[in-house]
Amino acid sequence: MIRLADLEGMDRAALLAAWFQIFGRPAPKGIGRTCLRRFLAFELQARRSGGLPKQVLKALRRATEGGSGRSISPNLKPGGRLLREWNGVTHVVEVVENGYLWNGQRWRSLSVIAREITGAHWSGPRFFGLNAKAAS
């Protein structure tokens, strides 16, 4: 059994072996010793206190569904509207089941709409101000 106090004195090989013992798979390539120690320490503490809360586990499962590695778009409900002014023109996007309506057409992606509006590649949620890095 690996103890939290032992992590500080472990070299890289021992940390990698501990990772495999705890997680049952090799550590990600290129991860440094400091990160290895931090992840291992967190996991040991979480397991000692009964694991992560159910809500956190549920959110993590939702975020990784599909396995595409892409972030999930904000959960917008049909009937909602997004407004964005660009170069003096106000654009209105309506949220519909399985997509969006803009300029009389149905679109599957906010990013495609943002690209059509600006002529440049944008994250749709960012362009419409739906995440922390809202467009300016």
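Use the structure listed above.
Let me begin by describing the structure that accompanies this report. (Residues numbered from 1 in each chain as written. Predicted model: local features only at pLDDT ≥ 70, side-chain atom pairs only at ≥ 80, totals over all residues. Heavy atoms only, no water.)

**Comments concerning helix α2 (residues 33-48)**
An α-helical turn contains 3.6 residues, so any two residues separated by three or four positions project in the same direction. Between its first and last C-alpha atoms α2 spans 22 Å; for 16 residues at 1.5 Å apiece the expected length is 22 Å, and the two agree. Every buried residue belonging to α2 is among L36, R37, L40, A41, E43, L44 and A46, and all of these are buried. Contact partners of the buried residues in α2: α1 (12-23). G50, located one to two residues past α2, shows a positive phi value of around 100 degrees. (Helix = DSSP H or I, 4+ residues; strand = E, 2+ residues; numbered from the N terminus. Expected span 1.5 Å × (residues − 1). Buried < 20%, exposed > 50% of the residue type's maximum accessible area, 1.4 Å probe, protein only. Contact = heavy atoms within 4.5 Å.)

**Section: the pattern of salt bridges**
As enumerated under the stated definition, the model contains 3 salt bridges in all. A salt bridge links R3 to D6; the shortest N-O distance between them is 3.1 Å. Residue R47 is joined to E43 by a salt bridge in which the shortest nitrogen-to-oxygen separation is 2.7 Å. Of the two residues, R47 and E43 are both situated in helix α2; the distance of 4 residues between them amounts to about one turn of the helix. (Salt bridge = Lys/Arg side-chain N within 4 Å of Asp/Glu carboxyl O.)

**A few points about unusual backbone geometry**
If you check the backbone angles, N87 has positive phi at about 50 degrees while not being a glycine. Within the secondary structure, N87 is located in the loop between β1 (81-86) and β2 (89-96). We classify N87 as exposed; its relative accessible area is 68%. One non-glycine residue, N103, lies in positive phi territory at about 55 degrees. Checked against the element boundaries, N103 lands in the loop between β3 (99-102) and β4 (105-107). Given a relative accessible area of 59%, N103 falls into the exposed group.

**Focus on the side chain of R37**
Relative to the assigned elements, R37 resides in helix α2. At 2.7 Å, the side chain of R37 forms a polar contact with the backbone oxygen of M10. (Polar contact = N/O pair within 3.5 Å; in protein donor to acceptor, adjacent residues only side chain to side chain.)

**Focus on a nonpolar patch on the surface**
Residues V56, L57 and L60 make up a contiguous nonpolar surface patch of about 220 Å² in total accessible area. Relative to the helices and strands, V56 is located in helix α3 (residues 54-64). (Patch = residues over 30% accessible without salt bridge, like charges linked within 9 Å, V, L, I, M, F, W, Y side chains within 5 Å. Areas by Shrake-Rupley, 256 points an atom, 1.4 Å probe, with all protein chains shown as cover.)

**Considering the side chain of R84**
Topologically, R84 is positioned in strand β1. One buried charge, R84, has no salt-bridge partner; the nearest side chain with opposite charge is E85, at 7.8 Å. Within the structure, the side chain of R84 is placed 2.6 Å from the backbone oxygen of F127, a separation counted as a polar contact. (Lys, Arg positive; Asp, Glu negative; His and termini not counted.)

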